[in-house]
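Analysis of the macromolecular model
So you can see what is in the structure, the chains are spelled out below.
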Amino acid sequence: MIDNHILAPVFIHLFTAILQLIAWRKTVTQRFMSVIGSILAVVLSLRLLNRVDETGILTLNASNWESPFGIVFVADLLSSSLVLITSLAGLAVSLFSSTGLNRQRMNYGYFPIFHFLVMGLNGAFLTGDIFNLYVWFEVIIISSFVLMTLGGRKTQLEGAVKYMAMNILASTFFLTGIGILYGMTGALNMADLAIKIKEVENSPLVGITACFFLLGFGIKSAVFPLYYWLPSSYHTPPSAVAATFGGLLTKVGIYAMIRVFSLIFIPDQFTKDLLIWLAVFTILTGSFGALIKTNVRRLFSYLIVCHIGFMIGGIGMFTKVALMGTVFYLFHDILVKTNMFLIAGLIGQLRGSMDMKKNGGLYAEYPKLSLLIAIVLFSLVGIPPLSGFWPKIFLFQEAFTQSQYVFIGALIAGSFVTLYVIAKMWAEVFWKDVPNEVIIENKFEPLPLVRKILLVLPIGILGLATLYIGLNSEIVIQLVDKITDQLMNTQPYIDAVLGKRK
């Protein structure tokens, strides 16, 4: 069904960014615009998901060029759900940014670049054209590079060089794969590719092309062995920027992997085994890295890598149950990881440092705030019945069904390491007394009440969202069940885009 409102979540961020460029250096105006635009994006995204759920897959042909000749945008349950979660995470970051960033960074265009980044993410989720997906990835990379270097500190520039180098390499693999794919099929429309790739007789070339896409998306998702750019760069920008990166940027790579390998390159046994082993090593390397970190943001960066492995394993098993675990964990991970970096920023405001050894006493001084943060930490660990628990059930269930005992061992190891490092962080930052030799620089207390609320409110919003999907898991499981039906049976997607003439 054709619907012109599909691109509303993209356009709202585009128009917000343009208006903020007009209000250049008027930082107060930009803050209000950012929050209002983000609220509107949540409303429009919720409307889009509701409409897709009621009427089925929606499509929009750009410039009225019929598929497969023009660019098409497609809203199915997976893409519209991710647009909603992205919009919610964007709202939280927008609120936190309005007081968590210094005015110098705002003066250099933080807010419009932030909205261009979220626009790119929503565009990537909604596009139905493989080359257009590459274009949206480039919008994301350019915007994120600017955000990472904003402020120009030496550590930021060092992290940005590593980040940009690896993402350029990923884009090169991605674009090469697109070129070969177009040469084989003469198509770029993903629904059209799903049909034409089956007609290609050169199966080794198809396999090589799939490897290019796996490399491109794997680097963007920080999959072993090309993950090291992430923990080397995500701790360098301000916490609001790191929250956007940690919660969303690696997840768009996971989304692209799910979309391409469920629609175009259906995994054979070799690809499944490769993905499982990549998942195992990704979980283990992320776990080992997290064990030795004392800086809160570096610790969270390695946990991102570890938990990416959970989702890669689900894609590797490639059954309905496994994909249910992957998609559910994807929803959970966006909300929790965004919140974790916001929490890290708040800890920095409260104690002037993110080094666990230089922290302490937060629970005694801020008990209510500590309990709010504890809910998020419990969700990250996967304590039942919170959101991190339910997707692991599906992953374990399918792993036992397929006798994937190595992956099961990695899942257990990753889960216990997450529990251990979070318990250590809680003990160091919240429970223990402040070391006598440490001088606390509390930047939070002198702030006006409104600015304190703007630092805590986003953590509360995402915490409530995490609680909702955990305590109302039946609703989320029903949604994920429908999503995986669409992933395993792609004919409705193809029919929605191309019509039933094919």
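Just above, that's the structure.
Everything numeric here is computed off the predicted structure, so don't read it as measured data.

Cut-offs used in this document
Residues numbered from 1 in each chain as written. Predicted model: local features only at pLDDT ≥ 70, side-chain atom pairs only at ≥ 80, totals over all residues. Heavy atoms only, no water. Helix = DSSP H or I, 4+ residues; strand = E, 2+ residues; numbered from the N terminus. Rg over C-alpha atoms; globule rule 2.2 N^0.38 Å. Buried < 20%, exposed > 50% of the residue type's maximum accessible area, 1.4 Å probe, protein only. Contact = heavy atoms within 4.5 Å. Salt bridge = Lys/Arg side-chain N within 4 Å of Asp/Glu carboxyl O. Polar contact = N/O pair within 3.5 Å; in protein donor to acceptor, adjacent residues only side chain to side chain. Core = buried A, V, L, I, M, F, W, Y, C linked by side-chain atoms within 4.5 Å.

**Brief notes about the overall build of the protein chain**
Along the backbone of the protein chain there are 21 helices and two strands. What you see for the protein chain is a C-alpha radius of gyration of 22 Å, in line with the 23 Å of a compact globule of 502 residues. Taking the principal axes of the C-alpha coordinates as reference, the protein chain spans close to 70 × 55 × 40 Å. Within the protein chain, the fraction of its 502 residues that count as buried is 62%. Long-range pairs, those at least 24 residues apart, make up 80% of the contacts in the protein chain with a sequence separation of at least 6.

**Considerations on the environment of K482**
For K482, the location among the structural elements is in helix 20 (residues 473-488). Here the alpha-carbon distance between K482 and L78, two residues 404 residues apart in the chain, equals 9.0 Å. Those residues in contact with K482 that lie beyond four places of it in its chain are D53 and L77.

**Considering the pattern of salt bridges**
Per the stated rule, a full pass over the model turns up 10 salt bridges. Among the ionic pairs, D333 bridges to K251, the shortest N-O distance being 3.3 Å. With D333 in helix 14 (residues 320-351) and K251 in helix 11 (residues 239-263), this pair connects stretches of sequence that are 82 residues apart. With respect to class, D333 is no different from K251; both count as buried. Note that E365 and R351 form a salt bridge whose closest N and O atoms lie 2.8 Å from each other. Pair noted here: E365 is in helix 15 (residues 362-365) and R351 is in helix 14, with a separation of 14 residues, a long-range link. Where salt bridges share partners, they join K251, D333 and K337 into one cluster.

**What to know about the side chain of T185**
As for its position among the elements, T185 is in helix 7 (residues 154-185). At a separation of 2.8 Å, a polar atom in the side chain of T185 contacts the main-chain carbonyl oxygen of L181. Discounting residues that sit within four places of it in the chain, T185 has contacts with L193, K196, I197 and V200.

**A closer look at the nonpolar core**
Counting residues in each nonpolar core, the largest one holds 176 residues, and the members touching the most others are Y110, F265, F300 and M425. If one sorts the elements of this core by residue count, helix 14 sits on top with 19 residues. Each residue touching F265, except ones within four places of it in the same chain, is listed here: L181, I197, V206, T209, A210, F213 and V260.

**Considerations on the side chain of N339**
Looking at where N339 falls in the secondary structure, it is placed in helix 14. With a relative accessible area of 0%, N339 lands in the buried category. Not counting the four nearest positions on each side in its chain, N339 is found in contact with V376, P458, I459, L462 and G463.

**Quick look at unusual backbone geometry**
Residue F224 is joined to P225 through a cis peptide bond whose omega torsion reads 5 degrees. By the element assignment, P225 lies in the loop between helix 9 (203-221) and helix 10 (229-233). That bond from P384 to P385 is cis: its omega, 5 degrees, falls within 30 degrees of zero. Structurally, the position occupied by P385 is in the loop between helix 16 (367-381) and helix 17 (390-401).

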